[in-house]
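One letter stands for each residue in the lines below.
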Amino acid sequence: MAGKAAAPGTAVLLVTANVGSLFDDPENLQKNWLREFYQVVHTHKPHFMALHCQEFGGKNYEASMSHVDKFVKELLSSDAMKEYNRARVYLDENYKSQEHFTALGSFYFLHESLKNIYQFDFKAKKYRKVAGKEIYSDTLESTPMLEKEKFPQDYFPECKWSRKGFIRTRWCIADCAFDLVNIHLFHDASNLVAWETSPSVYSGIRHKALGYVLDRIIDQRFEKVSYFVFGDFNFRLDSKSVVETLCTKATMQTVRAADTNEVVKLIFRESDNDRKVMLQLEKKLFDYFNQEVFRDNNGTALLEFDKELSVFKDRLYELDISFPPSYPYSEDARQGEQYMNTRCPAWCDRILMSPSAKELVLRVSVCCPSPGHRGMWSAGSGLAQPW
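Everything numeric here is computed off the predicted structure, so don't read it as measured data.

Caption draft 1: Summary view of the side chain of lysine 164. One can find lysine 164 in the loop between strand E9 (147–150) and strand E10 (165–173). Buried and without a salt bridge, lysine 164 has glutamate 55 as its closest oppositely charged side chain, separated by 4.5 Å. Non-local contacts of lysine 164, meaning those with residues more than four positions away in its chain, are made with Glu55, Lys150, Phe151, His184, Leu185, Phe186, His187 and Asn234.

Okay, here's the thing in structure tokens:
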């Protein structure tokens, strides 16, 4: 998302990307990711840019530390970014502290032409002028220039060491103050469980966590300002409704485990056409026979099943979605345009804003190009929409 919201003539670019796979397969994915990212920067030419990353460092963080350092150095020193002479980088690298680790990475770049930009010190409760390039990592809890929290474990007991949480920073450009919140909400642990109810139990967990974040950033500790919340919300299509729609003319076969009688697979077959299998649903399998339905017209026909944000309709807004579902794109660089058959494709990666932030955005004209896909786009979804 890029635009002139902070001040007349100030272009702001907001980008979100779940980048976990970049560190699991750096040779094949990082170069492509960076090339696309630099192209986005070149296209929009922002004065202020925020890049919010989730799953920074990948699944095996300890083994990928060298890749993390290389990635950060490349971003800060590349020719494509040479006009950004100030930067702030906040990396949650303290993976040994399971009660605090979120694997979030927040990058902020300031163009050399941008004057008088300030960042808020949450401890001193005052703004400080931004100069130079600085990297903060390891224990971010002691950094006064941000607020970071990991969601309580009892929010999502199915995943003992979930990394989900948020990082908040506050900025001021030409007397326009705003919060930028990097967020990662809980996933669907099982397609079968998600299919059981409408809305799903996982949807309720995400609502609880997002509500907690919104209450936190508008509490009485600090002056209220406009805010943008962008990251991997893990919002999913309403599973029961979308399956029933995709398989309207199908019959369902239930497969149970022999020892526990637990449902382990659902098979949907066409009533005629030689009983062709349309969809197979397992805990971590969503194998639909026609992926094109998620790409046709950017998946617009399925937007009616994207319902999770409606709970916050008076607190959060977003621009019209004009791109196909951002998750789960293949992690194979050779199949970058294909979805994996692990989950139902959905718009997980979003840029949301407060009512006052919406007013800032609507002061200028709006257009939305097609973004790349996840991990900016390799293994999930990145998002870049200009205001």
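Caption draft 2: Structural detail: the packing of aromatic side chains. In this structure the tally under the stated criterion is 31 aromatic pairs. With a centroid separation of 6.4 Å and an interplanar angle of 90°, the aromatic rings of tyrosine 155 and tyrosine 212 are classed as edge-to-face. Residue tyrosine 155 is located in the loop between E9 and E10, and its partner tyrosine 212 is located in helix H5 (residues 201–217); the two are separated by 57 residues in the primary sequence. Put simply, the rings of Phe23, Trp33, Phe37, Tyr38, Phe56, Phe71, Phe107 and Phe109 touch in pairs and so form one group of aromatic residues. Taking the ring centre of tryptophan 195 as reference, the NZ or CZ of lysine 240 above it sits at 4.1 Å.

Caption draft 3: Main features of the sheet that holds strand E14 (residues 263–270). Pairing within the open sheet is antiparallel, and its four strands lie in the order E13-E14-E15-E16. Unpaired on one side and paired on the other, strand E13 (250–256) and strand E16 (285–288) mark the two borders of the sheet. The mean angle between the axes of side-by-side strands here comes to 15°, regardless of whether they run parallel or antiparallel. Across seven bridges, the pairing between E13 and E14 is antiparallel. For valine 255, the partnering residue across the bridge sits in E14 and is lysine 265. The sheet strands contacting helix H6 (residues 239–246) are E14, strand E15 (277–282) and E16, and the helix crosses E16 at an angle near 25°.

Caption draft 4: Region of the structure containing the packing of helix H2 (residues 26–44) against helix H3 (residues 65–77). Between H2 and H3, the least distance of the axes is 12 Å, while the angle of their chain directions is 20°. Considering their axes alone, H2 and H3 lie roughly parallel with respect to each other. Between H2 and H3 lies a crossing of right-handed hand. Of the residues in H3, those touching H2 at Pro26, Gln30, Trp33, Leu34, Phe37 and Tyr38 are His67, Phe71, Glu74 and Leu75. Partitioned by chemical class, the residues of the contact of H2 with H3 number seven nonpolar, two polar and one charged.

About the cut-offs
Counting of residues starts from 1 at the beginning of each chain's written sequence and follows it residue by residue. Totals for whole chains, interfaces and linings use every residue, but because this is a predicted model, local features are given only for residues with pLDDT of at least 70 and side-chain atom pairs only at 80 or more, for both listing and counting. With hydrogens and water excluded, all non-hydrogen atoms of the structure serve as input to the side-chain values. Counting from the N terminus, the helices are DSSP H or I runs at least four residues long and the strands are E runs at least two residues long. For each residue, the accessible area found with a 1.4 Å probe, counting protein chains only, is set against the maximum for its type, and the residue is called buried under 20%, exposed over 50%, and partly exposed in between. In this count, Lys and Arg are taken as positive residues and Asp and Glu as negative ones, while His and the chain termini are left out. What makes a salt bridge here is a side-chain nitrogen of Lys or Arg within 4 Å of a carboxyl oxygen of Asp or Glu, nothing more. Residue contacts are counted whenever heavy atoms from the two residues lie within 4.5 Å of one another. Each pair of aromatic rings taken from Phe, Tyr and Trp, with Trp reduced to its six-membered ring, is defined by centres within 6.5 Å and is described as stacked if the planes are under 30 degrees apart, edge-to-face if over 60, and tilted in the remaining cases. Working rule: Lys NZ or Arg CZ, within 6 Å of ring centre, within 35 degrees of ring normal, means a charge sits over the ring. One bridge is not enough; two strands pair if DSSP finds at least two bridges between them. To define axes, lines are fitted to C-alpha atoms, for helices over the stretch in contact only, and angles between the resulting N-to-C directions are given on a 0 to 180 degree scale. Here the word oblique covers every angle except those under 35 degrees (roughly parallel), over 145 (roughly antiparallel) and from 65 to 115 (roughly perpendicular). Here is the rule for handedness: rotate from the far helix to the near one, and if that takes an anticlockwise turn smaller than a right angle the crossing is left-handed, while a clockwise turn gives right-handed. The classification used treats Ala, Val, Leu, Ile, Met, Phe, Trp, Tyr, Cys and Pro as nonpolar, Asp, Glu, Lys and Arg as charged, and all other residues, Gly among them, as polar.

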